[in-house]
Amino acid sequence: MEVQDLDALVVHYKIIHVLKPNSTYTCCEESCSQSFNALSSFKRHVLKKHICVHVSPNMQQNVQNSEMYNTLTHNLNNTNDCEQENVLNDPVTIFNFDNEVNLLYESTIKFVLSLYNHNNFNNSDVLFIQAGIKDFILKPMASILKHVKNEINDAILLSKFHKFETILLDPFLYCSTEYRLCNWLKQRNLMSNMYQININNAIVPVDHVGNINYDEKITKGTLLPIKIQFKQFFEKENNFKIFYDKFLEYTYSNDDCILNFIQGKLWKEKVQQYEGKLVFPYFIYMDDFEINNPLGSHATFQSIAAIYYNFPFSINNSKLSNIFLAALIKSTDIKQFGNDPCFKSFINELNEIER
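Residues numbered from 1 in each chain as written. Predicted model: local features only at pLDDT ≥ 70, side-chain atom pairs only at ≥ 80, totals over all residues. Heavy atoms only, no water.

## Examining the overall build of the protein
The line we're drawing: Every helix listed is a DSSP run of H or I at least four residues long, and every strand listed is a run of E at least two residues long, numbered separately from the N terminus. Whether two residues are in contact is decided by their heavy atoms, any of which lying within 4.5 Å being enough. For the accessible areas, the method is Shrake-Rupley and the probe is 1.4 Å, while residue cover comes only from the protein chains on display.
Helix and strand counts for the protein stand at 13 helices and seven strands. Considering only contacts within the protein whose residues lie at least 6 apart along the sequence, 49% involve residues at least 24 apart. For the protein, the accessible surface area stands at approximately 26,300 Å², while carbon and sulfur atoms represent 55% of it.

Shown next as structure tokens:
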């Protein structure tokens, strides 16, 4: 549905969708897909990001008439040339069965990853959805294709048709299990292994069936491959050039208003030791989350401290898609052993990136 202005859109939400001021609003303008928990924040977002200038009907009609006249004149004068160019330059689309099959597998994996990204879905839910699609949608379609296949006499075409039928019955071949999905992502450098870091290693007494024995207790954390994450981020979608342009814009801006972190005094003090080098800032912060019942008696015992980072040059850097996970450490280990052994490996990884 298309509406003329923001007020009409708000009325549509309130009457048709029965949304309230504290409901969740999702922006669908220009594939934005940002969600807001209040109507006021949604309206501010639309006015700031998607506001457009409306053209009066008379002006629009004059522009359309002028464009139509110019288009017709151009077409009448160049009809023969255009026809010859279309004949000579018309690209011939060659169908490649294997490429289309790979695209189908990639599409199914993107669909499965979107399910994993949903907060309310766990691994068993994703597998249940896959099984439902295969049993209730794809198998009936394959049974219809079997009747069509019986009428094909060409051996080569029949072979391709049989292969297509096999693929249709199991499009989730590379993501039917978590192991297969991880392997597919690793083969395409979309995922890499995490590292376990040793925080503490001690010999402690252990009570085993009433007997006290001494055993080794190793306390570990998880560190993600930050160097690979940085490399892939700056190689993706021309991010390095975008950051470099913003760096020049903010660094040599004559405006007295501070628009970015690098225009402040703190950043200027930080980069003095990197004179003559190109330095991009990134923010690191930590947040605890509870993997078990947060209201139970053991609420804080299994709490995990997650270390994140983001780049202030990113557009909407507070969105989840622009926040990256760096490490996972139990909160109780940080309290027991301190910051030095818990964050030593993480800091060493960052120092290697800076070199």
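## Quick notes on helix H9 (residues 226-235)
Let me state the cut-off plainly: For each residue, the accessible area found with a 1.4 Å probe, counting protein chains only, is set against the maximum for its type, and the residue is called buried under 20%, exposed over 50%, and partly exposed in between. Throughout, the arc means the angular range of directions from the helix axis out to the C-beta atoms.
Three or more residues of H9 are buried, namely Ile 226, Phe 230, Phe 233 and Phe 234. The buried residues of H9 all sit within an arc of 90° when viewed along its axis, so they share a single face. Pointing more than 90 degrees away from the buried face of H9 are the exposed residues Lys 231 and Glu 235. Here the buried face of H9 lies against strand S4 (211-223), helix H10 (239-251), strand S6 (303-310), strand S7 (324-330) and helix H13 (339-354).

## As for the pairing of S4
On a regular strand, each side chain points to the face opposite its neighbour's, so the side chains alternate between the two faces of the sheet. Short version of the rule: Only strands joined by at least two bridges in the DSSP assignment are considered to pair.
Of the strand pairs in this sheet, strand S3 (residues 195-208) and S4 are connected by 13 bridges, and their pairing is antiparallel. Each bridged residue has a counterpart across the sheet, and for His 208 the counterpart in S4 is Asn 211. Across two bridges, the pairing between S4 and S7 is antiparallel. Directly across from Thr 222, in S7, lies its bridge partner Leu 328.

## Some points on the sheet that holds S3
Rule in force here: The convention used is that axes are lines fitted to C-alpha atoms, helices contributing only their stretch in contact, and that angles between N-to-C directions extend from 0 to 180 degrees.
With antiparallel pairing, the five strands of this open sheet are ordered in space as S3-S4-S7-S6-S5. The strands lining the two open edges of the sheet, one partner per strand, are S3 and strand S5 (283-290). Taken over all neighbouring pairs, the strand axes of this sheet differ in orientation by 20° on average, direction set aside. Looking at chain direction, S5 and S6 are connected through eight bridges and run antiparallel. Paired with Ile 284 across the two strands is Tyr 309, which belongs to S6. The strands that H13 touches are S3, S4, S5, S6 and S7; relative to S3, the one it contacts most, it runs at about 165°.

## Focus on the packing of aromatic side chains
Note the following rule: Stacked, tilted and edge-to-face are the three classes assigned to paired rings of Phe, Tyr and Trp, where Trp is represented by its six-membered ring and a pair needs centres within 6.5 Å; plane angles under 30 degrees give stacked, over 60 edge-to-face, the rest tilted.
With the rule as written, the count across this model stands at 28 aromatic pairs. Ring geometry for Phe 230 against Tyr 309: centres 5.2 Å apart, planes inclined by 35°, an arrangement best described as tilted. You can see Phe 230 sitting in helix H9 and its partner Tyr 309 sitting in strand S6, a full 79 residues away along the chain. Taking relative accessible area as the criterion, Tyr 309 reaches 4% and is therefore assigned buried. Plain terms: the ring middles of Phe 233 and Phe 311 are 4.7 Å apart, the flat faces sit at 15° to each other, and that makes the pair stacked. Of this pair, Phe 233 sits in helix H9 while Phe 311 sits in the loop between S6 and S7, placing them 78 residues apart in sequence. Here Phe 233 matches Phe 311 in class, with each residue buried.

Scope: geometric values only; no functional claims are made or implied.
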